[in-house]
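The primary structure of each chain is shown beneath.
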Amino acid sequence: NAGVMQNPRHLVRRRGQEARLRCSPMKGHSHVYWYRQLPEEGLKFMVYLQKENIIDESGMPKERFSAEFPKEGPSILRIQQVVRGDSAAYFCASSPGTSGRAHYEQYFGPGTRLTVT
Amino acid sequence: GQNIDQPTEMTATEGAIVQINCTYQTSGFNGLFWYQQHAGEAPTFLSYNVLDGLEEKGRFSSFLSRSKGYSYLLLKELQMKDSASYLCAVRDQAGTALIFGKGTTLSVSS
């Protein structure tokens, strides 16, 4: 059973360009979470999605950032007009659900390291 | 506000026991998680506590006291490969997002 897949693993963008980060959850998982990890900082929640729905985007910056999880294909985190402060590791996690069991741990992908030059 | 505190760094020697503490203040509580993260890699799940007490899993144990907002991760018979960051995370009442501490970097020496 393949784990959570993220690509690309490393992404370099110049200021003002767009960055697209992709996440394929584990097989059978329908819940996807995006986190950002800045140097010397902890993981910060950004957005929680289910297929075709954004459930919680309370951690997303109000501008330039968007996320989707279409019916077919991976979840996409899109950053428009990137700035140097967007340089970070972006992790995707998936879980099979949030009900039924007392807990569902989130399984993390290897991350995408974004560098803005 | 939401706050999770854990020590920044700890050192220990092979074969020893180390305890990594975590205190939290969150608006709600729906479980506490410990993850291990090696440099440049994904966090991997170690343990979960939702009720008070000790959960043991091999060399690793995790303890929770909800009344004190306190947890610890206990690592026994330390090995060099245990050198990593250990992340404490709380799931808030919404039952979805994890709130992470900044992590504790553990260095194990021979």
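Note that the coordinates shown come from a computational prediction; the quantities given were computed from them, not determined experimentally.

A. Focus on the interface of chain B and chain A. Opposite the 18 residues of chain B that make contact, chain A presents 22 residues. Note on chain B versus chain A: buried area summed over both sides is about 1,600 Å², and carbon and sulfur give 58% of it. Considering only the surface of chain B that becomes buried against chain A, T96, F100 and K102 of chain B emerge as the three largest contributors, covering 29% of it. Taken together, chain B and chain A are joined by one salt bridge. K102 of chain B is the partner of E41 of chain A in a salt bridge, and the nearest nitrogen-oxygen pair spans 3.9 Å. On the surface where chain B and chain A come into contact, there are four residue pairs in polar contact (both at pLDDT 80 or more). Residue assignment for the side of chain B that touches chain A shows that the elements contributing at least two residues are β4 (32–37), β5 (44–49), β9 (84–91) and β10 (98–100) of chain B. In terms of residue count, β4 of chain B provides more of the side of chain B that touches chain A than any other element does, three residues in total. The residue inventory of the side of chain B that touches chain A, partitioned by class, reads 10 nonpolar, five polar and three charged.

B. View of the state of the cysteines. Residues and elements named next belong to chain A. Applying the stated criterion across every chain yields a total of two disulfides over all chains. The side chain of C23 participates in a disulfide bridge whose partner is C92; the two sulfur atoms lie 1.7 Å from each other. One disulfide, between C23 and C92, carries an S-S torsion of -45° and so falls in the left-handed class. On the criterion of sequence distance, the pair formed by C23 in strand β3 (residues 19–24) and C92 in strand β9 (residues 88–95) is long-range, its members being 69 residues apart.

Here is what the cut-offs are and how they apply
- Counting from 1, residues in each chain are numbered in the order their sequence is written.
- In the order they appear in the text, chains get letters beginning with A and ligands get numbers beginning with 1.
- Only residues with pLDDT of at least 70 get local features here, since the model is predicted, and only at 80 or more are side-chain atom pairs given and counted; chain-wide, interface and lining totals rely on the full set of residues.
- The side-chain numbers reported here are obtained from all heavy atoms of the structure, hydrogens and water having been left aside.
- A contact between two residues is defined here by any heavy atoms of the two lying within 4.5 Å.
- Here's the idea: put two parts together, see how much 1.4 Å probe accessible area each one loses, and the total over both is what we call buried area.
- Criterion for a salt bridge: a side-chain nitrogen of Lys or Arg within 4 Å of a carboxyl oxygen of Asp or Glu.
- Pairing of N or O atoms within 3.5 Å defines a polar contact, subject to two protein rules: one partner must be a possible hydrogen donor and the other a possible acceptor, and residues neighboring in sequence count only if both atoms are side-chain atoms.
- Labels follow the DSSP assignment, with helices taken as runs of H or I lasting at least four residues and strands as runs of E lasting at least two, numbered in each case from the N terminus.
- In the scheme used here, Gly and all other residues not listed as nonpolar or charged are polar, with Ala, Val, Leu, Ile, Met, Phe, Trp, Tyr, Cys and Pro taken as nonpolar and Asp, Glu, Lys and Arg as charged.
- Cysteine sulfur atoms that come within 2.5 Å of each other are treated as a disulfide pair.

So far we have only geometry, and geometry alone does not tell us how the molecule works.
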